[in-house]
There are 2 protein chains.
Amino acid sequence: MKCLKVLGVVVGVAALLGLGIILGHFVIPKGADPLAPSVSASQDLDLEILETVVGQLDASRIRENLRELSREPHLASSPRDEALVQLLLQRWRDPESGLDSAGTSTYEVLLSFPSQEQPNRVAIVAPTGDILFSCRQSEENLTGEQAGPDVVPPYAAYAPSGTPQGLLVYANWGTEEDFKELQTQGIQLNGTIALTRYGGVGRGAKAVNAAKYQVAGVLVYTDPADINDGHSLPNETFPHSWRLPPSGVERGSYYEYFGDPLTPYLPANPSSFRLDPATASGFPPIPTQPIGFEDAKVLLCNLQGPSAPAAWQGSLGCDYKLGPGFQPGGAFASSQVNLSVHNTLELRNSSNVLGIIRGAVEPDRYVLYGNHRDSWVHGAVDPSSGTAVLLEVSRVLGTLLKKGTWRPRRSIVFASWGAEEFGLIGSTEFTEEFFSKLQERTVAYINVDISVFANASLRVQGTPPVQSVVFSAAKQIPAPGPSRLSIYDNWIRYSNYSSPVYGLVPRLGSLGAGSDYAPFIHFLGISSMDIAYTYDKSKTSARIYPTYHTAFDTFGYVDKFVDPGFSSHRAVAQTAGSVLLRLSDSLFLPLNVSDYSETLRSFLKSAQQDLGALLEQHSISLGPLVTAVEKFEEAAIALDQNISALQKATPNPLQVRMLNDQLMLLERTFLNPRAFPEERYYSHVLWAPRTSSVVTFPGLANACSRAMNTGLGSAAWAEVQRQLSIVVAALEGAAATLRPVDDL
Amino acid sequence: MKCLKVLGVVVGVAALLGLGIILGHFVIPKGADPLAPSVSASQDLDLEILETVVGQLDASRIRENLRELSREPHLASSPRDEALVQLLLQRWRDPESGLDSAGTSTYEVLLSFPSQEQPNRVAIVAPTGDILFSCRQSEENLTGEQAGPDVVPPYAAYAPSGTPQGLLVYANWGTEEDFKELQTQGIQLNGTIALTRYGGVGRGAKAVNAAKYQVAGVLVYTDPADINDGHSLPNETFPHSWRLPPSGVERGSYYEYFGDPLTPYLPANPSSFRLDPATASGFPPIPTQPIGFEDAKVLLCNLQGPSAPAAWQGSLGCDYKLGPGFQPGGAFASSQVNLSVHNTLELRNSSNVLGIIRGAVEPDRYVLYGNHRDSWVHGAVDPSSGTAVLLEVSRVLGTLLKKGTWRPRRSIVFASWGAEEFGLIGSTEFTEEFFSKLQERTVAYINVDISVFANASLRVQGTPPVQSVVFSAAKQIPAPGPSRLSIYDNWIRYSNYSSPVYGLVPRLGSLGAGSDYAPFIHFLGISSMDIAYTYDKSKTSARIYPTYHTAFDTFGYVDKFVDPGFSSHRAVAQTAGSVLLRLSDSLFLPLNVSDYSETLRSFLKSAQQDLGALLEQHSISLGPLVTAVEKFEEAAIALDQNISALQKATPNPLQVRMLNDQLMLLERTFLNPRAFPEERYYSHVLWAPRTSSVVTFPGLANACSRAMNTGLGSAAWAEVQRQLSIVVAALEGAAATLRPVDDL
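Definitions and cut-offs
Counting of residues starts from 1 at the beginning of each chain's written sequence and follows it residue by residue. To label them, take the chains in the order written and letter them from A, then take the ligands in the order written and number them from 1. Per-residue local features are limited, in this predicted model, to residues with pLDDT of at least 70; the limit for side-chain atom pairs, both in listing and counting, is 80 or more; totals at the level of whole chains, interfaces and linings are taken over all residues. In computing side-chain values, all of the structure's heavy atoms are included and hydrogens and water are not. UniProt positions are given in the numbering used here, feature names are shortened, and annotations may be inferred rather than shown by experiment. Where each domain begins and ends is defined by an automated method or by a domain database. We call two residues in contact when some of their heavy atoms are within 4.5 Å. Values labelled buried area give the accessible surface lost by two parts on being combined, using a 1.4 Å probe and summing over both. In what follows, salt bridge is the name for a side-chain nitrogen of Lys or Arg lying within 4 Å of a carboxyl oxygen of Asp or Glu. Polar contacts here mean pairs of N or O atoms no more than 3.5 Å apart (in protein, one a potential hydrogen donor and the other a potential acceptor; neighbouring residues in sequence count only if both atoms are side-chain atoms). Note on disulfides: each one is a pair of cysteine sulfur atoms within 2.5 Å. Helix and strand labels come from DSSP, where a helix needs a run of H or I of at least four residues and a strand needs a run of E of at least two; each type is numbered from the N terminus. The cut-offs for exposure are 20% and 50% of the maximum accessible area for each residue type, with area from a 1.4 Å probe on protein chains only; residues under the lower value are buried, those over the upper are exposed, and the others partly exposed. Only Phe, Tyr and Trp rings take part, Trp by its six-membered ring, and two of them pair if their centres are within 6.5 Å. Stacked means planes under 30 degrees apart, edge-to-face means over 60, and tilted covers everything else. For a lysine, the NZ atom is tested; for an arginine, the CZ atom; a charge sits over a ring if that atom is within 6 Å of the ring centre and within 35 degrees of the ring normal.

Within an unreviewed UniProt entry, the label attached to chain A reads Aminopeptidase NAALADL1, and the organism entered is Rousettus aegyptiacus. Quoted verbatim from the Cofactor (unreviewed entry) heading of the UniProt record, the comment on chain A is "Zn(2+)". UniProt, in the comment section headed Subcellular location (unreviewed entry), describes chain A in these words: "Apical cell membrane".

Given below as structure tokens:
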């Protein structure tokens, strides 16, 4: 009996001890212990923190940020641009709401400015030499903000100096086809000044195309048809509406590439090798100057010659003629246009500002969130609407950080880029300087440049892996306005398509090179996105918001017309903030690489439908491409299954890391720095520039188009085959990285 | 009392439970649990396993492997080469000693073979057309192994077909300087046949240089001075010694690049784009044929003309004259040499064999260990001595694996490459096919091609990060022979230098492009090494082991002369096996990246001493390079301290992984695919080919040398500045990856 009792006690003791051991071992979270206090390797997105962040983003603070940021013009490298560098540093070093650290990196870059002593001039000159008419040299001072020494006069950055004079012709957009059309119509182009309108082709391309036809100088204006839905009267335009006033001129960079023009592929440190500016490529070959439609009307409505084609007509209230020269009966009969450009190239210091929140668990994984800081004039919309949002997102996160409430799993890097307007210079130099580090470690790049074009709907451009995280964020945030819809449900009303995988979903746009995401996606292969609120395309056909790059893009313009109440700004802040947090904090990276399958399938389908027969004629088979796409799809599906299984189990930290590495690095596998040697920086075989209208793999599309349009014959078709093999190799290589890691 | 008792029981229960919880939480190893059974995230190198592996590597098994591997000639893509693919698969799939999986990947590659119908021929032809002398068309059958249909006759692979005939000249090594010297001496080269000796310059370069002087054909022979320490008599040579017999001819690839010639940068899959062989570059421009010194003597000792310079003389027992043509009084007076080459280019299937051991903890980290399989004839030394070792290492590891005794932390990939002799083709195609995957995940590449050149000492070529792991391995293995020294202590006796950091250490050679490591280091930036046992350079001046690429490189040759007893083979197996296991199993990767500092410092010193004054004359400052090297050094020191601190603490699995990623990827940061666009595959800014004699950064050295030697003036000096900036950017980028990961 006693024995039994003792035995019972012993058994009990053992059982309790065993239970304790089991509890201690299994119930106390596993990953937690080996790491620093309060840090767990299994740290996942905290939905409460997410809700807090989204809830704390404040429209009125964004408004105040914008007021301050756009108070003065802040052209790249100007004193006010430098002052804003200090403002950013101060915010990011704030003891209450700052980040872990903040600093600047400064590059010496080639910028282009108009001469202050010799203003650029466009004039109509009579045969006598008398000046019959001069275009405005600055915009009309409508709100008291369009005058002053810091308002840079309208100019075409990087256009060469020169004073060509000749008969005026009208050349529509200035595309190659446009000049060909003029030639076909028998218009003498040699020595003329070509008036072109914005649109159709990049700024720099207009002068490049013109020069091929011996045109001597180029003018560029914005037609009211393209920006104001045809309206052009002073009382219909700003400050009476958001429309572009008659004197408004779009400034811009006419440089054809991006990055500092003198240091391609090298960071523009003071000691870096620099090209000789005289031999550097990508600058417009002939003098070029932008003008307002008020002045363009005087020039265009007095032209002689045949009427321009219907598609070339605009809203200046006259029949657009082609020229050359002015009507014989008119005030400018026999007169020429004289263009005097006195731009200078200058090496200037331009800074990026970087602010960092150190990751608690994986500090070597970076989520980047950036925007440029420099503007053409006050830049309230472009770029300060984005920077105002950036500062609010960083304030809310910084406050949680400083309070000790939160630290992200991965590192977050905020960036304010310099000299974007001149050609994405600050961001490009950054990617050149930290190429290896960024390529190894960056999870994604979020760009919010112009955060609000208008009030209607979210608009996101990005590569397929970011679609799902953007959708997740957009579904949980209410859209501004009375609709009570989510941002996602509102978005789908404005822009949607029927996905073969998901059914009707909002349409994610693809990334060109319009803002600082370009070097990240094209040069480094980092999954990237650009987030904004935009207009209802059924209500306006404006190319972009009307005061873009003019002196009318002011705080008052935003406050009164673009986003009164700043609710769209807040919506963008909430979306970008939510995406940022999901990327930085989720245990499993919310990058859905299998969404690339849909893109590949669609590119393949286009190739088959639009190029298949042609390729067959030249004995080029799309079979290997079909196989490669299938391999990618299969590997992506298997990976998705692997993720699901792992999420249901209790994965160890390394299993999660290995899987996340596959997700993070998938975008990198599409890079081939040798695929398009003539396209500076562009290495992504899926998103390089496509000149063909066939929406397929760009190398294949472009090579086909060249082979069809040139007489190069078999060499050109060999290049088609080579480009096809490059894509096939990239897809097969990508699929190989998605397969189980121990399967070679 | 009862209450107290109950209380006591409750307290006891609680205490026991608590004790259990504490035990369960703290005593059961932390990292172990979240992973699969018997796998711990903190799994480190097990010294007992290491000892077991090193101890089980067996000389007699290596000997038996070699006997089987070299039993028949196994030229790339031949039936015997295919049979060896099956042998490897069978070994690696063996249920008792195989790996987790094994498979092949096959490429369709361009090889070059002599015609069987029209054998290549070298003859002396009298003015009458009579053939006065013909060179041997095959080697003398000394051991019964030099005849038969599978012994490929001596030829220069990729040399074009053709039947040039002309006067003979002697052109030493066939370097550019050699032909210049002939020209200076007034020797008419136009239309001649140039006899050259192996050495001084690559095989293909001889024909390239000759063609620039209108030479019509090239002969190449091995001078006894260069291979046999002057000995040339039949009774002094194989089979009486290890020396090259008079009829022996070195075969080889005369292709100037590496990889499949028709698919640069693309895997040679059947559907891949292929260059037109007629326009592909890198082939010798004129017919070329190698001959034995027995025949070379007849040609060379009958030449007329001035005596060749002293440095051009060899050991054929006559005064070497320059020609052109034969002595007027001799048997060949007025005769010419006729060279008939009938090589054909053929697309052939060539396979790699891959065998994998899955890593237990980090299966996505690969340690690669490979050698080629194809030989010119029996290839006992080259490459079967390496494959014999490879098979023994994989057998020992496979046996432990199959027994369940061991599984590596990281994955191990064994590789048997195809078609190396034609230009590293199998390995290069592999790196092209799996570019992204390998670049992301490969820890290091170990190459053991010829494992034993001779019996004296270890010889390792590699990049600096592998030095420490090779030294660690070499210190713990006894050297073969009676010395009782370690391999390390024996090595230091034969090849050493005084390191500023470590004092006297063995000298690690640098990696050229002599074997399959080339695509791994130059194209992918993977830390690589080549391990072998070699001869005592104080006892022989032989270029390489004497029967290299001849039909005399047989099992008997190895067994009798190269490594009787196979103890050097075992020493190489032990060294390579130990290095492999240390790389696959160590918790912290044994890659000492700070050893790069010594290389950079030494390159910098050479640049300062040998180029500094010259650069200063052209206003090019080495200051930025000094700063960059200093930054690298500082970052490397700080990283080393970080590693030490982490090793003393209890790092969590992710901290170890993050650090290891920095170590693994350092080599990658030196890659710049745009640095040397004219050098196919070469992207490593520290190890690209250097034509200048200044041992410094190759881009800088080469650009300086070109600027000095050409009249290009400022453009050439701009290129020097550009190359300097490329190196500076690479070093700064490398340093950035070594700094703390949250420091941008």
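Draft legend 1. Local environment of the domain arrangement of chain A. All names here are of chain A. Partitioning chain A into domains gives domain 1 (47–104 + 347–585), domain 2 (116–341) and domain 3 (595–738). The interface of domain 2 with domain 3 comprises nine residues on the first partner and four residues on the second. Taking both partners together, domain 2 and domain 3 bury about 640 Å²; carbon and sulfur atoms supply 57% of that area. It is Y257, F258 and Y265 in domain 2 that bury the most area against domain 3; as a group they hold 72% of the surface buried on that side. For the interface between domain 2 and domain 3, the tally reads zero salt bridges. Where domain 2 touches domain 3, the interface holds two residue pairs in polar contact (both at pLDDT 80 or more).

Draft legend 2. Seen up close, the state of the cysteines. What the rule picks out here adds up to two disulfides over all chains. Disulfide partner of C301 of chain A: C318 of chain A, at an S-S distance of 1.9 Å. On the S-S bond that ties C301 of chain A to C318 of chain A, the torsion sits near -80 degrees, and the link is left-handed. Of the two residues, C301 of chain A is situated in the loop between helix 8 (293–300) and strand 11 (336–340) and C318 of chain A in the loop between helix 8 and strand 11; the sequence distance between them amounts to 17 residues. Judged by its relative accessible area of 22%, C318 of chain A is partly exposed. Here C135 of chain B stays unpaired: no disulfide links it, and the sulfur of C301 of chain B, its closest cysteine neighbor, is 13 Å away. On the accessibility criterion, C135 of chain B (6% relative accessible area) is buried.

Draft legend 3. Region of interest: the packing of aromatic side chains. Taken as a whole and judged by the stated rule, the model has 87 aromatic pairs over all chains. Ring geometry for Y369 of chain A and F414 of chain A: centres 5.7 Å apart, planes at 50 degrees, overall tilted. Residue Y369 of chain A is found in strand 13 (residues 362–372), and its partner F414 of chain A is found in strand 14 (residues 410–417); the two are separated by 45 residues along the sequence. Taken individually, Y369 of chain A and F414 of chain A each receive the classification buried, so the pair is uniform in this respect. Between F133 of chain B and F332 of chain B, the aromatic rings sit 6.5 Å apart at their centres with planes inclined by 45 degrees, giving tilted as the arrangement. One end of the pair, F133 of chain B, is in strand 3 (residues 131–134); the other, F332 of chain B, is in the loop between helix 8 (293–300) and strand 11 (336–340), and 199 residues separate them in sequence. Three or more aromatic residues joined by ring pairs make a cluster, and in this case those are F238, W242, F453, Y535, Y545, Y548, F552, Y557 and F561 of chain B. The ring of Y488 of chain A carries K475 of chain A above its face, with NZ or CZ at 4.7 Å from the centroid.

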